[in-house]
Amino acid sequence: MRKNLQKVTALLGAAALTLSLTACGGSGDNSSSGNSDAAAENTDAAADNVDAAEEETADAADTQESGGEDISGSLTVWEHNYSFEPSVKAVIEGFEAKYPNVTVDYEIRDDNYYSILATAIQSGDGPDLFWTNGSVNTGMSDYVTNGVCEDLTDKVDYSLMPEAAMGLTRIDGKSYSVPWLTMDTRTAYYNIDMFEENGWTVPATFPEFEELLGKIKDAGIIPISLTPNDSWALLFAFEPILAAYDVECTEGFADYPTPVAGDAVRGCLNKMLEWGEKGYYGDNWLGVMDSNEQVLAFSTGATAMMVQGSWEASTISENNPDLNYGAFTIPAEDGTVGLVGTPANGFSVNSASENLEAALAFANYCATLEGQTLWVQSQGAVSASEQIEASTDIAKMISESGKGNIYTSWQSVLSYHSENGVANDIFGEDFSKVFTGSLSVDDFCDSIEAVMDPE
Amino acid sequence: MRKKKHILFIAPGFILYTIFIILPIFYVFYLSVFEWSGLGEMKFVGLENFKTLIFNDRVAPTMFNALKNNLKYLLCVWLIITPFQYLIAYLLYIKIPAFKYIKFMIFMPYVISSTIVSFFATLLFSPNIGFLNKFFEWIGHSEWQSAWFGDPNRAFKLMIILIIWQGAGSGIMIFYSNLMDISQDIMESCRIDGCNEWQRFFRILLPLSLPSCASIITMSTIWALAIFDMPFILGGINGGVNGCLDFANMVFYRYTFGSGLNGKSNLGFGASICVLMFVVMLVVTVLQNKFLSKFEYDT
């Protein structure tokens with residue numbers, strides 16, 4: 001009796017362990033990211049707008065008009081961040097409605113994305129479509145060199161895409177991905193209630209902005225939430241401040257060759273360091289260890305402002321749905337404003353895909369107005385296209401604050417105009433050292449200048 | 001025949017161990033002379049990876065700073081953490097008041113995941129939203145506020161404290177079980193012969209327990225040279241302010257998988273870092289074992 005009980009217990013335990021293993025591994029339906037109510041609302045709004053977009057779009061790509069029923073099979077799509085999950089789901093849903101015989105699964109690989117992707121591709125288990133950062137870094141170019149990415153130049157209808165977006169997709173003149181028309185821009189978020197309580201107003205000029213920082217500091221509040229330990233978080237603060245500090249320099253980035261480490265950049269970096277010494281980021285801001293802590297400080301009302309990427313709006317809202325916050329663009333001395341914006345890169349097609357026809361159909365769907373509308377609006381992002389309206393108030397606020405001026409990102413110039421993007425590598429390694437004090441502004445700028453293409 | 005049975009018995013484990021542990025070590029040595037991103041062809045570069053690691057103007061200072069931190073941490077393990085673990089194990093052995101409760105509370109943090117530790121560290125030490133700075137302000141001592149992990153003079157010490165808090169439990173339990181293995185007859189004899197507590201500790205317990213503790217000390221040494229999770233959580237992938245929390249495994253992680261370097265991976269270069277650390281660990285372990293062998297005796 002006792003032996004039988006032991007056997008049964010062992011079998012039940014083994015069965016329980018086996019069942020628990022089925023929960024392992026990412027799959028399209030197994031997400032731990034948590035779809036916020038805001039994201040769900042954005043997705044619903046996006047779907048409504050897609051119906052309107054469908055009526056307007058008469059000339060869809062040939063594969064979409066005639067091949068919807070002919071293409072079948074399954075696809076796997078990999079994304080790199082859970083913040084994009086609602087959008088991935090929305091686009092897949094829209095695609096599957098047009099291609100009812102194709103089943104699309106997705107996986108979010110939030111940790112070590114590139115290394116896991118490389119391992120999967122190397123072993124032949126790579127996804128059919130996968131995200132990369134495009135030509136911003138060497139990730140996609142490595143894949144192109146090794147024949148991993150399908151050449152989409154003549155296979156995808158890019159008629160909707162502006163040139164700024166297409167730049168992300170190109171390696172040696174050919175396109176290997178489909179961009180998203182989200183305008184990844186940088187903005188100054190501010191705590192509206194805090195401003196109203198203290199009688200502060202949104203500044204109209206750069207001197208007013210500096211004066212405001214002093215007033216906030218004198219009131220005993222940290223003016224700007226910022227981390228010195230993350231080069232990218234620093235970049236997203238530096239670029240809009242540079243755009244306000246020296247408009248002419250920033251406008252020049254669209255037309256290389258232009259100084260990327262000249263007096264304007266050095267002056268702006270020194271200005272930001274001066275603000276750090278004045279305590280405008282907090283007296284002990286060196287201890288803000290990462291961008292999560294930075295966003296949390298603003299979300300919880302510990303700081304008055306935060307200068308960061310437009311994509312952080314969804315995180316702020318999730319952290320603290322009760323926070324009453326707005327956004328403005330830091331103005332120049334003469335009041336000129338403009339958004340430093342970069343479109344976002346989307347999916348590439350794996351040339352070893354077992355269902356290349358369906359993968360290309362998915363890529364084409366992503367390039368349509370319908371697919372782009374679903375993505376942009378479910379993201380709650382600023383739109384890079386006049387045909388797509390931003391779906392959230394904060395995204396509209398950010399978009400309108402730029403008054404139509406769009407500037408090229410300083411970091412993208414480093415990436416595009418140095419051999420193998422080495423200037424971008426130097427930025428990634430050394431930019432935070434400038435702010436933590438272990439590298440001078442001049443040494444950093446000199447090392448950047450030394451590796452930029454002469455023309 | 002009997003020998004054949006022994007060989008057959010150990011064969012499966014031996015084969016698996018060779019395939020998954022031994023062969024990858026040789027493969028890492030092989031990989032270290034190539035440049036390879038993980039895709040496409042491997043390009044033979046000879047000793048270039050090692051030359052870059054040791055002599056390059058950008059890479060070498062980072063690597064040597066990380067190695068310095070590893071050795072600094074190793075000294076902390078030998079001189080602070082291990083003696084602390086042994087002392088607490090001794091206090092539990094002599095059954096100080098509430099020793100069962102203390103044993104439970106010491107081991108509790110060990111089961112907390114590193115992610116939770118990171119979150120707690122943020123809630124406590126963040127200069128803008130953390131509890132500690134707010135508490136000092138509340139009690140009227142704002143001058144005690146600090147950047148904590150952002151202060152290179154404090155970050156390392158705070159990391160040691162957190163590691164002791166979270167990780168000391170396992171070592172304490174191993175030392176405790178080693179002490180419990182000592183024959184009670186010897187302890188009784190000490191008491192009968194009139195030993196006081198100090199004599200019992202230094203002349204009986206410590207010499208008898210050291211040989212069995214040698215293995216935990218050796219493992220602690222290897223773990224110290226391979227540390228990654230706590231400094232990664234507390235200082236970020238770039239090793240904190242001015243590399244004060246940068247360690248060799250983090251340098252390996254950055255250069256191999258490109259997480260801190262714009263997604264550019266270089267498995268060959270990462271392998272060369274592994275080879276260097278293998279040599280360092282071998283030298284340290286051999287020296288340590290020579291020292292510890294003086295405490296071995298025939299029982």
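The structure presented is a predicted model; accordingly, all values stated were derived computationally and were not measured.

Brief notes about the nonpolar core
Moving on, step 1. Membership of the largest hydrophobic core comes to 165 residues, with the highest contact counts inside it found for Leu129, Tyr189, Ile241, Leu242, Phe362 and Ala363 of chain A.
Moving on, step 2. The dominant element in this core, judged by the number of residues it contributes, is helix α10 (residues 231-245) of chain A, at eleven residues.
Moving on, step 3. Inspection of this core shows a minimum of three residues originating in each of domain 1 (29-182 + 344-390) and domain 2 (184-342 + 399-451) of chain A.
Moving on, step 4. Once you skip the residues sitting within four places of it in the chain, Ile241 of chain A turns out to touch Cys268, Met272, Val307 and Ile330 of chain A.
Moving on, step 5. The next biggest cluster of nonpolar side chains, apart from the first, holds 13 residues, and it includes Tyr86, Leu92, Phe175 and Tyr176 of chain B.

Some thoughts on helix α6 (residues 138-145) of chain A
Residue and element names in this part refer to chain A.
Moving on, step 1. Taking burial as the measure, the eight residues of α6 include six buried ones, the bulk of the element.
Moving on, step 2. Of all the residues in α6, the buried ones are Thr138, Gly139, Met140, Asp142, Tyr143 and Val144.
Moving on, step 3. If you follow the buried residues of α6, they end up packed against α5 (113-122), β4 (170-171) and β11 (347-349).
Moving on, step 4. Gly147 sits one or two residues past α6 and shows a positive phi near 70°.

Topic: the packing of helix α9 (residues 197-225) of chain B against helix α12 (residues 267-292) of chain B
Residue and element names in this part refer to chain B.
Moving on, step 1. Where α9 meets α12, the axes come as close as 10 Å, and the angle between the chain directions of the two elements is 155°. Taken as axis vectors, α9 and α12 run roughly antiparallel relative to one another. Where α9 crosses over α12, the handedness of that crossing is right-handed. Taking contact as the criterion, the partners of Ala214, Ile217, Thr218, Thr221, Ile222 and Leu225 in α9 are, on α12, Met277, Val280, Met281, Val284, Thr285, Gln288, Asn289 and Leu292.
Moving on, step 2. Of the residues belonging to the contact of α9 with α12, the class tally is nine nonpolar, five polar and no charged.

Considerations on the sheet that holds strand β3 (residues 129-131) of chain A
Residue and element names in this part refer to chain A.
Moving on, step 1. Across the sheet, four strands lie side by side as β2-β1-β3-β11; this open sheet has mixed pairing. Every interior strand has two partners, whereas the edge strands, β2 (102-108) and β11, have only one. Within this sheet the neighbouring strands show an average axis-to-axis angle of 25°, counted without direction.
Moving on, step 2. Bridge count between strand β1 (residues 73-79) and β3: two bridges; the pairing is parallel. Bridging across to β3, Trp78 finds its partner in Phe130.
Moving on, step 3. Strands β1 and β2 of the sheet are contacted by helix α4 (residues 85-98), whose axis makes an angle of about 175° with β2.

Observations concerning the domain arrangement of chain A
All names here are of chain A.
Moving on, step 1. Taken domain by domain, chain A comprises domain 1 (29-182 + 344-390) and domain 2 (184-342 + 399-451).
Moving on, step 2. The C-alpha centroid of domain 2 is placed 30 Å from the C-alpha centroid of domain 1.
Moving on, step 3. Each side of the interface is counted separately: domain 1 has 16 residues, and domain 2 has 16 residues.
Moving on, step 4. The residue makeup of the side of domain 1 that touches domain 2, split by class, is eight nonpolar, eight polar and no charged.

Notes on the pairing of strand β6 (residues 179-191) of chain A
Residues and elements named next belong to chain A.
Moving on, step 1. The element β6 is extensively covered by neighbouring structure, given that 13 of its 13 residues are classed as buried.
Moving on, step 2. Residues Pro179, Leu181, Met183, Thr185, Thr187, Tyr189 and Asn191 point to one face of β6 and Trp180, Thr182, Asp184, Arg186, Ala188 and Tyr190 to the other, with burial holding for every one of them.
Moving on, step 3. Where β6 meets strand β10 (residues 339-345), five bridges bridge the pair, whose relative direction is antiparallel. Within β10, the position partnered with Pro179 by the bridge is Asn345.
Moving on, step 4. As defined by bridge partners, β6 adjoins strand β8 (residues 303-309) across five bridges and the pair is classed as antiparallel. Paired with Thr187 across the bridge in β8 is Gln308.
Moving on, step 5. In this sheet, strand β9 (residues 325-328) lies alongside β6 in antiparallel orientation, the contact comprising four bridges. Following the sheet pairing, Asn191 is matched in β9 by Tyr325.

A few points about the packing of α10 of chain A against helix α19 (residues 422-436) of chain A
Residue and element names in this part refer to chain A.
Moving on, step 1. The N-to-C vectors of α10 and α19 enclose an angle of 70°; their axes lie 8 Å apart at closest approach. Looking at the two axes, α10 sits roughly perpendicular to α19. Between α10 and α19, the residues in contact are Ser231, Leu234 and Leu235 and Phe427, Gly428, Phe431, Ser432 and Phe435, respectively.
Moving on, step 2. Grouping the constituent residues of the contact of α10 with α19 by class yields five nonpolar, three polar and no charged.

Thresholds, definitions, all that
- Residues numbered from 1 in each chain as written.
- Chains lettered and ligands numbered in written order.
- Predicted model: local features only at pLDDT ≥ 70, side-chain atom pairs only at ≥ 80, totals over all residues.
- Core = buried A, V, L, I, M, F, W, Y, C linked by C-beta atoms within 7 Å.
- Buried ≥ 20, exposed ≤ 12 C-beta atoms within 10 Å, placed from the backbone.
- Helix = DSSP H or I, 4+ residues; strand = E, 2+ residues; numbered from the N terminus.
- Domains from an automatic or database assignment.
- Contact = placed C-beta atoms within 7 Å.
- Axes fitted to C-alpha atoms, helices over the stretch in contact; angles between N-to-C directions.
- Parallel < 35°, antiparallel > 145°, perpendicular 65-115°, else oblique.
- Left-handed = near helix turned anticlockwise from the far one by under 90°.
- Nonpolar A, V, L, I, M, F, W, Y, C, P; charged D, E, K, R; others polar.
- Pairing = 2+ DSSP bridges.

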